[in-house]
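# Commentary on secondary and tertiary structure
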Amino acid sequence: MDIVVLGSANADLVVEVDRRPAAGETVLGSDTSVLPGGKGANTAVAAGRLGAGVAFLGAVGADAHGDLLLDSLRSAGVDVSLVRRRDRPTGIAYITVTPDGENSIVVSPGANAALDVSDVDIDGARVLVASLEVPVPVVEHAVAEAVARGVRVVLNLSPVARLSAETLAGLDPLVVNEHEAAWLLGGAPDPPRLLELGVRSAVVTLGARGAVVVEDGRTREIAAPEVTPVDTTGAGDAFTGALAVGLARGADLVSAAELGVRVAAESVTRPGAQG
Ligand code: RIB
């Protein structure tokens, strides 16, 4: 196994709307699609579809949504032996998608919140990929384990959260979008400044504009291919999964991010996070 992905698995309840409602307002949308999602599961599926040996470490409920998630992971070739079934409903993401392909999301964590430090198992991994819809202590424990074993750590800090200095020091790279970078820096999302957090390297995803890689004091911009977006949900997850595959195959960070940008661009041309 090359990669362990630690993160969330959600059933995505997706409704297309012409525009988002303002506070106190009601708008009508499309029929609801129930699709497999969750930042962690999306990342694992992307890596699995690219042919990597990948295991997903996360938690779902003993319900139909949990089955949906497991089926999707398996069909992408992902090892699900580390998936825990908990006595909580599978996480649900309530997603609206507007005609420009942009989304907004509310997550009800459910079983994702019941993942425990004792569930962490990264035996045999060359790369650990984590994201933050699971408890922060679990992520920090996994990062510490990985660092102790010389396993490379990719962390997609989404949704953004404060992490310990020890955890930040293990990240190679930290992956964030512009909003998350601005939050972390308390101001403009200036990519080189992310290294001031103590991370070994950083990648800022820029949506249709591609990504920026910062390492060893150098900054490299990667342009994205032009595509017509249908649904941008999960583009960052696809990016991170592909980047991890590149790193696990021995690519340098810039080449791995180039693969990530191409895969993310492809991902937004189809509906759903995993589709
Ligand atoms: O990044 C997109 C994902 O965020 C969705 O699939 C949703 O489940 C939330 O986790």
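Presented here is an overview of the structure given in this document. Just so you know, the residues in each chain are numbered from 1, in the order the chain's sequence is written. Two thresholds apply to this predicted model, a pLDDT of at least 70 for residue-level local features and 80 or more for giving and counting side-chain atom pairs, whereas whole-chain, interface and lining totals are computed over all residues. Side-chain descriptors were evaluated using all non-hydrogen atoms of the structure, hydrogens and water having been removed beforehand.

## Examining the side chain of threonine 43
- Topologically, threonine 43 is positioned in helix H1 (residues 39-49).
- From its side chain, threonine 43 meets the backbone oxygen of lysine 39 in a polar contact 2.8 Å long.
- Within the local environment of threonine 43, its side chain forms a polar contact with the backbone oxygen of aspartate 237, the two atoms lying 3.3 Å apart.
- Contact criterion: two residues are considered in contact whenever any of their non-hydrogen atoms come within 4.5 Å of each other. Contacts of threonine 43, omitting those with residues within four sequence positions, involve Val5, Val129, Asp237, Thr240 and Gly241. Here a strand is any run of E in DSSP of at least two residues, a helix any run of H or I of at least four, and the numbering for each starts at the N terminus. By the criterion applied in these results, polar contacts are pairs of N or O atoms within 3.5 Å in which, for protein atoms, one can donate a hydrogen and the other can accept it, and in which residues neighboring in sequence qualify only through two side-chain atoms.

## Concerning the site of the ligand
- Residues in contact with the ligand amount to 14 residues; listed here are only the nearest, Asp12, Gly38, Lys39, Glu133 and Asp237.
- A distance of 2.9 Å separates an oxygen atom of the ligand from a polar atom in the backbone of glycine 38.
- One nitrogen or oxygen atom from the side chain of asparagine 42 is found 3.0 Å from an oxygen atom belonging to the ligand.
- Only the protein chains shown count as cover for residues, and the accessible areas themselves come from Shrake-Rupley with a 1.4 Å probe. In isolation the ligand exposes 270 Å². Once the protein is present, 96% of that is buried.
- Of all the secondary-structure elements, those providing two or more residues to the shell around the ligand are strand E2 (10-16), H1 and strand E7 (103-108).
- Each residue gets one label: Ala, Val, Leu, Ile, Met, Phe, Trp, Tyr, Cys and Pro are nonpolar, Asp, Glu, Lys and Arg are charged, and the others, such as Gly, are polar. The class makeup of the residues in the shell around the ligand is four nonpolar, six polar and four charged. In these notes, residues near a molecule or strand are those with any non-hydrogen atom within 4 Å of it.

## Focus on H1
- Relative accessible area decides the class of each residue, using a 1.4 Å probe on protein chains only: under 20% of the type maximum gives buried, over 50% gives exposed, and in between gives partly exposed. Across the 11 residues of H1, 10 count as buried, placing the element largely inside the fold.
- Those residues of H1 that fall on the buried side of the exposure criterion are Lys39, Gly40, Ala41, Asn42, Thr43, Ala44, Val45, Ala46, Ala47 and Gly48.

## Some words on the environment of valine 14
- By the element assignment, valine 14 lies in strand E2.
- Note: C-alpha distance between valine 14 and isoleucine 105 (91 residues apart in sequence) is 9.2 Å.
- Apart from the residues lying within four places of it in its own chain, the contact partners of valine 14 are Asp31, Thr32, Ser33, Leu35, Ile95 and Val97.

## Concerning the pairing of strand E9 (residues 152-156)
- Within E9, four of the five residues are buried, which leaves it mostly tucked inside the rest of the structure.
- A pair of strands is considered paired only if DSSP assigns at least 2 bridges between the two. Both strand E8 (residues 127-131) and E9 contribute to a ladder of five bridges, which runs parallel. The residue bridging serine 131 from the neighbouring strand is asparagine 156, located in E9.
- As defined by bridge partners, E9 adjoins strand E10 (residues 174-177) across two bridges and the pair is classed as parallel. When the sheet's bridge partners are listed, asparagine 156 is paired in E10 with valine 175.

Purely geometric stuff here, so don't read any function into it on its own.
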